[in-house]
Structure formats: structure tokens, C-alpha cells
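# Secondary and tertiary structure notes
For reference, the chains in residue letters:
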Amino acid sequence: MTIGAVATVALWADLSVPAEPDGWFTALVCAFLAAMTLAVLADNLGVLWVAIEATTITTAFLVGYRSGRRSLEAAWKYVVLGSVGVAIAFLGIVVLYAATRSAGHPTLSWVELVRLAPQLDPAVTRLGIALATLGFATKAGLAPMHSWLPDAHSQAPAPVSGLMSGVLLSVALYAVLRLRTISGLALGPGFMRGLLLVLGVLSLLVAATLTLTQRDYKRLLAYSSIEHMGLMAVGVAIGGTLATTAVLVHILGHGLVKSAMFVQSGRILRAEGSSKVADVVGLSARRPDLAGPLLLGTAALLGFPPFVLFFTEVAIIIAGWAAGLAPVMLIVLALLLLTFIGMSRQVLAMTLGPAPDRSVDDSTVARLPRKAQAPVTVALGAAVAAGLVALPAAAALGAAVTGLGVTP
Amino acid sequence: MSLFLWIPLLVPAACAAAAATRRQARWTRPLGLVSALVILVTGLGLLGSITAAGGEASTRQVTCSGSMRSRHTCS
């Protein structure tokens, strides 16, 4: 559902701009969607791995689609680091399979792995889980394996950036979430909690420090994705119904808002001809049709109420506090505050800063038609609605969390 | 219920094949959005089915009616 919702926003916005049909681009996007859907529907770790590898292949072509020097460089970087990540994950899956084989029941089925988990050899399982988690964490953009993400997201066409940030990262995190369940049953909650807390807090630290110094607004959004994935990794580490439910809703909210923001950043890039913050200052005076959604989307990403990310972030912090992780939650809050300062400073400069002296008279530039603004408006509206319906939808979310077999 | 698992896989795959074979045709341009909408609607249907059936048992049922079940899982 999240894949469909995020893809609808990103591709609807792309369709609202007149362009010639491009069969290869459409084919790659559809194949990418099919691969992501297969990854989340498969009841088999091997099929999930194949699907995630397929997303790497399709998105590598999409990242390098503009064929410029920088986009090809970003595509190669993505292919190399993504392939290393999925290779490590493959090694982890093989080791995990070996563990089930020595338990007398060789399988890669999620349901069977959960059933067999208490009988698995702890040492072999620990190695397999650690390798698979590190591999999938690379695809999820978690630090220290995040370096492909800012380049790939800033160089890809806007709808592809939205899809990659909104759902591809979350599909990889979903794999980690399922591995956590097996780890919890086989090794207890401590091992995976420690590993994911380190990766999550490190991601938040990287995002906070780089957001403060970033001067490119598309890369700023990419670092925001690292921040949100870090927070979600912390939520998965905490475990339990509240934190896991919050992570699932956060995946939806972040996907909707981030895809809308990448669409908006693509429009700003097309209108202003630069992705540097310093080149697009004073947008609210010159182009309110571009500045308004940018401000609202940033508020949503930074966790302002009534957007859903406010409720999920609070729920993750409360769950962590209740799980006895108060010091870690204080560090998380401090890093979130730093990211808040870095991101709001740049976006306020872009929107509310003084307008530069320009040779072009902006009052003559055509404004975006209402039809073109609809996808972004719907996405931001859905991000508010998701927060308001989270409580009535608690039964469905609870069923999803129970289905994942989440342990504290 | 297995329709909710097969449709979101097959429709985007078919759209990808159609767009790759008819690269200049105008009707291929909205195929990405069509795929996205199909995934969204079937996802909502799946969520509704799970909620209606309630909890863990139904999730297992979804898994067992799916295409990637193992021979050990659903026997």
C-alpha cells in the first residue's frame, strides 16, 4: 500500500508536466515497482534478496538516466556500493540457511525461520543475521554505508528520487525488521537492538552534521532521508508494538512527504536552473507557488504537528524511554534538534530570504497550474490525514505488527 | 485473497513489458501511474482483508495463499 501511495504521488506529478513518451523510462519504473512489491510480498528470504537486487539493477539505470557526467558517476557509485551491500546480505542469507540446515530443516521461508529460530545454532545465526543486516542496511542508506545515497538521490530524475527515498529505503528496512524478529527469537532482543541502535544513532549523527553544512537542496533532502532511516532503525531496535507500529506509520508518512518534496525540488531546479541554496533565495516573494509547498513539506519532515511524522517520532521516543533507553533517546533528541536547525536554516533562506537582483522579471514567469500542484497537495494532505486516522486504524496496524511477529 | 498478491506483481511487470516494446507510443506514458494505482488499491484490499479476518492467523493465511510459499510452511 505504501509503495502504491508513494509511487502514485511521484508518478502523478511527473505526468502533470507535458513531455514526450519515453518507453525505456516507463519500463524501468514499472519494473522497479514490480521488484519492490515482490520484495515485501515474498515469504522467502531468497526471493526477497533477488527482488532487492532487481531494484538495484533498475534504479542504477534510472539514476544515470540523464547521462551527464555527474549522474553517471552517481549511478556507478550506487551500483558498486549497492552491489557490495547485497553481496554481504547474500552471504548472511547463506549462513542463515546453513544454520537451518544444521537444525535439520533447511529453509529460507520467513514463517519457517520464525518457527525454527529457537532451535538454531546461536553462533552461526548471529553471524548470518549480522551480515544480512549490514547488507540490507547498506540498501537502506544507514551510516556508515550511506555514501551512495546523497549522490544517487540528487542526480536521479525527481520522480525516481522520490521513489528511491520514499519506498526503496523502506523496503530494505522492512528486510531488517523481519530479520530482527528471527534474531529476537533465536538470540534474544539484545544483539539486534545493540546493532541497530549503533547504526541508527550513527545515521542521525551523520545527517545532523552534514545537514548543517549542506548547500545543495536536493542533497539536503537526501540527508533528511538518512536522518529518517536512522530514526526508523532506532524504532526497530526498540521493538515492541508501539515502536514497531510507529515505524510502519513513519514509513508511510515519510514516503508521502519525501516524494512530494523531491517533486517540488525538481520543479524548483527546472524553474531556477540551479540546485544550490544560494541561487534560489527569496522564493516566497518571487515564486509563492513553489515556496508554499516547500515550506509545508519541510515542516512535515521536521516533525511539526499535525503531520503524521510528529506523532510517530513522539511514539518512538516514548517507546524507547519506556524500554529503559532514556540516555539513547536523549542523544536521538539532540541529533534531531541539530538536523532541525540545519534544515530549517537552509529552507528559510531559500523561501524567506531577500530576493536577489535578477535580470529576469519573475512576475512574467508562468505559475504552476493547479493541476500540476495537485499531487504535492494531496501528498501533504494525506500526511496530515494519516496522523489523524492512526488511532482508528490501530486494529489494522496491530494486525500488521502481530503478523511480523515482533518481540520486545 | 491471493489475487491481492498476484495482481500488484503482474500488472507492473506487464506494464514494463508493454512500455519496453512500444517505446514511442503515447499510451505508454501513464503506465507507471497505472501500476502505482493498482498497487495502492490492492494494498488497501489486502489490509482490509487482514483486518476483517483479524490478526496473526489471517496474516499467516495471506502468506500461505501467496505465490512464494514454501512446501514446509503451509502444509
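Since the structure is predicted, the reported quantities are computational estimates derived from the model, not experimental observations.

What counts as what
Residues numbered from 1 in each chain as written. Chains lettered and ligands numbered in written order. Predicted model: local features only at pLDDT ≥ 70, side-chain atom pairs only at ≥ 80, totals over all residues. Heavy atoms only, no water. Helix = DSSP H or I, 4+ residues; strand = E, 2+ residues; numbered from the N terminus. Buried < 20%, exposed > 50% of the residue type's maximum accessible area, 1.4 Å probe, protein only. Contact = heavy atoms within 4.5 Å. Areas by Shrake-Rupley, 256 points an atom, 1.4 Å probe, with all protein chains shown as cover. Rg over C-alpha atoms; globule rule 2.2 N^0.38 Å. Axes fitted to C-alpha atoms, helices over the stretch in contact; angles between N-to-C directions. Parallel < 35°, antiparallel > 145°, perpendicular 65-115°, else oblique. Left-handed = near helix turned anticlockwise from the far one by under 90°. Core = buried A, V, L, I, M, F, W, Y, C linked by side-chain atoms within 4.5 Å. Polar contact = N/O pair within 3.5 Å; in protein donor to acceptor, adjacent residues only side chain to side chain. Expected span 1.5 Å × (residues − 1). Bend = angle between axes of the 7 residues up to and from the residue. Phe/Tyr/Trp six-rings, centres within 6.5 Å; stacked < 30°, edge-to-face > 60°. pLDDT = per-residue confidence, 0-100. Salt bridge = Lys/Arg side-chain N within 4 Å of Asp/Glu carboxyl O. Patch = residues over 30% accessible without salt bridge, like charges linked within 9 Å, V, L, I, M, F, W, Y side chains within 5 Å. Nonpolar A, V, L, I, M, F, W, Y, C, P; charged D, E, K, R; others polar.

### Some remarks on the overall build of chain B
- Summing up its helical and strand segments, chain B has 3 helices and 0 strands in all.
- In sequence order, the secondary structure elements of chain B are arranged as α-α-α.
- Counting the 75 residues in chain B, one finds 44% classified as buried.
- Sequence-distant contacts, at least 24 apart, represent 59% of the contacts inside chain B between residues at least 6 apart.
- Carbon and sulfur atoms make up 64% of the accessible area of chain B, which totals about 4000 Å².

### With respect to the overall build of chain A
- Secondary structure assignment for chain A yields 17 helices and 0 strands.
- Against the 2.2 N^0.38 benchmark of 22 Å for 408 residues, chain A shows a C-alpha radius of gyration of 21 Å, consistent with a compact globule.
- Along the first, second and third principal axes, the C-alpha atoms of chain A reach 75 × 45 × 35 Å.
- Burial statistics for chain A: of 408 residues in total, 62% are counted as buried.
- When contacts within chain A are restricted to residue pairs at least 6 apart in sequence, those whose partners lie at least 24 apart make up 80%.
- Accessible surface, chain A: about 14100 Å² in total, of which carbon and sulfur atoms supply 71%.

### Brief notes about the packing of helix α2 (residues 23-41) of chain A against helix α1 (residues 3-21) of chain B
- Taken N-terminus to C-terminus, the directions of α2(A) and α1(B) make an angle of 160°; their axes are 7 Å apart at the nearest point. Taken as axis vectors, α2(A) and α1(B) run roughly antiparallel relative to one another. In the packing of α2(A) onto α1(B), the handedness of the crossing is left-handed. Facing A:Gly23, A:Trp24, A:Thr26, A:Ala27, A:Cys30, A:Ala31, A:Leu33, A:Ala34, A:Thr37, A:Leu38 and A:Leu41 of α2(A), the residues of α1(B) in contact are B:Leu5, B:Pro8, B:Leu9, B:Pro12, B:Ala13, B:Cys15, B:Ala16, B:Ala19 and B:Ala20.

### Focus: the nonpolar core
Residue and element names in this part refer to chain A.
- Of all hydrophobic cores here, the largest spans 93 residues; its most connected members are Leu33, Leu45, Leu48, Phe136 and Met164.
- In terms of residues, this core owes the most to one element, helix α8 (residues 158-187), which gives 17 residues.
- Apart from residues no more than four positions distant in its own chain, methionine 164 is found in contact with Phe32, Thr59, Val63, Tyr78, Trp148, Ala152, His153 and Leu169.

### A few points about the environment of B:Ser49
All names here are of chain B.
- Topologically, serine 49 is positioned in helix α2 (residues 31-53).
- The exposure class of serine 49 is buried, given its relative accessible area of 18%.
- As for serine 49 and arginine 23, which are separated by 26 residues in sequence, their C-alpha atoms are 37 Å apart.
- When sequence neighbours within four positions are dropped, the list of residues in contact with serine 49 reads Met1 and Phe4.
- A polar contact is formed between the side chain of serine 49 and the backbone oxygen of glycine 45, at a distance of 2.8 Å.

### Let's talk about unusual backbone geometry
Residue and element names in this part refer to chain A.
- Residue proline 144 is bonded to the preceding alanine 143 through a cis peptide linkage, with omega at 5°.
- Among the secondary structure elements, proline 144 is positioned in the loop between α6 (122-139) and α7 (148-155).
- Going from proline 305 to proline 306, the amide bond is cis rather than trans, its omega being 5°.
- Tracing the backbone shows proline 306 in the loop between α13 (288-301) and α14 (308-322).

### Remarks on α6(A)
Residue and element names in this part refer to chain A.
- Under the 1.5 Å per step criterion, the end-to-end length of α6 is 26 Å for 18 residues, consistent within 8% with the ideal 26 Å.
- Here α6 has its buried residues at Thr125, Gly128, Ile129, Ala130, Leu131, Ala132, Thr133, Gly135, Phe136, Ala137, Thr138 and Lys139.
- Each element contacted by the buried residues of α6 is listed here: α3 (45-63), α4 (69-102), α7, α8 and α9 (189-213).
- Capping the start of α6 is the job of one residue whose side-chain oxygen sits 2.9 Å from the backbone nitrogen of alanine 123: aspartate 121.
- Looking one or two residues past α6, glycine 141 carries a phi angle of roughly 75°, positive in sign.

### Remarks on helix α16 (residues 370-389) of chain A
- If you check α16(A), its first and last C-alpha atoms are 27 Å apart, about what 20 residues at 1.5 Å a residue would give, namely 28 Å.
- Taken as a whole, α16(A) carries its principal kink of about 25° at A:Val376.

### Some words on the packing of aromatic side chains
All names here are of chain A.
- Overall, the coordinates contain 5 aromatic pairs over all chains when judged by the stated rule.
- With a centroid separation of 5.6 Å and an interplanar angle of 45°, the aromatic rings of phenylalanine 304 and phenylalanine 340 are classed as tilted. With a gap of 36 residues between them, phenylalanine 304 in the loop between α13 and α14 and phenylalanine 340 in helix α15 (residues 326-352) connect regions that are remote in the sequence.

### With respect to the confidence of the model for chain B
Residues and elements named next belong to chain B.
- Looking at chain B, pLDDT values average 77 and 71% of them are 70 or higher.
- Taken element by element, chain B is modelled with least confidence in helix α3 (residues 55-65), mean pLDDT 47, and with most confidence in α1, mean pLDDT 93.
- Within the model, pLDDT remains below 50 along residues 57-75, and this stretch shows 44 contacts once partners closer than five positions in the same chain are excluded.
- Across the interface, the model reports ipTM at 0.87; the global pTM reads 0.89.

### Section: the pattern of salt bridges
Residue and element names in this part refer to chain A.
- Scanning the entire structure with this criterion turns up 6 salt bridges over all chains.
- A salt bridge links aspartate 289 to arginine 287, with the shortest nitrogen-to-oxygen separation between them at 2.9 Å.
- Classification of aspartate 289 as buried rests on a relative accessible area of 10%.

### Quick look at a nonpolar patch on the surface
- On the surface, A:Leu72, A:Trp76, A:Val80 and A:Val84 cluster together into a nonpolar patch covering about 410 Å² of accessible area.
- Take A:Trp76: it is sitting in helix α4.

### Remarks on the packing of α4(A) against α7(A)
Residue and element names in this part refer to chain A.
- Packing of α4 against α7 leaves a shortest axis separation of 9 Å and a crossing angle of 140°. Here α4 is positioned oblique relative to α7, judged by the angle of their axes. By crossing handedness, the relation of α4 to α7 is classed as left-handed. Side by side, α4 and α7 meet where Arg70, Ser71, Ala74, Lys77, Tyr78 and Leu81 of the first sit next to Trp148, Asp151, Ala152 and Gln155 of the second.
- In the contact of α4 with α7, the residues fall into 5 nonpolar, 2 polar and 3 charged.

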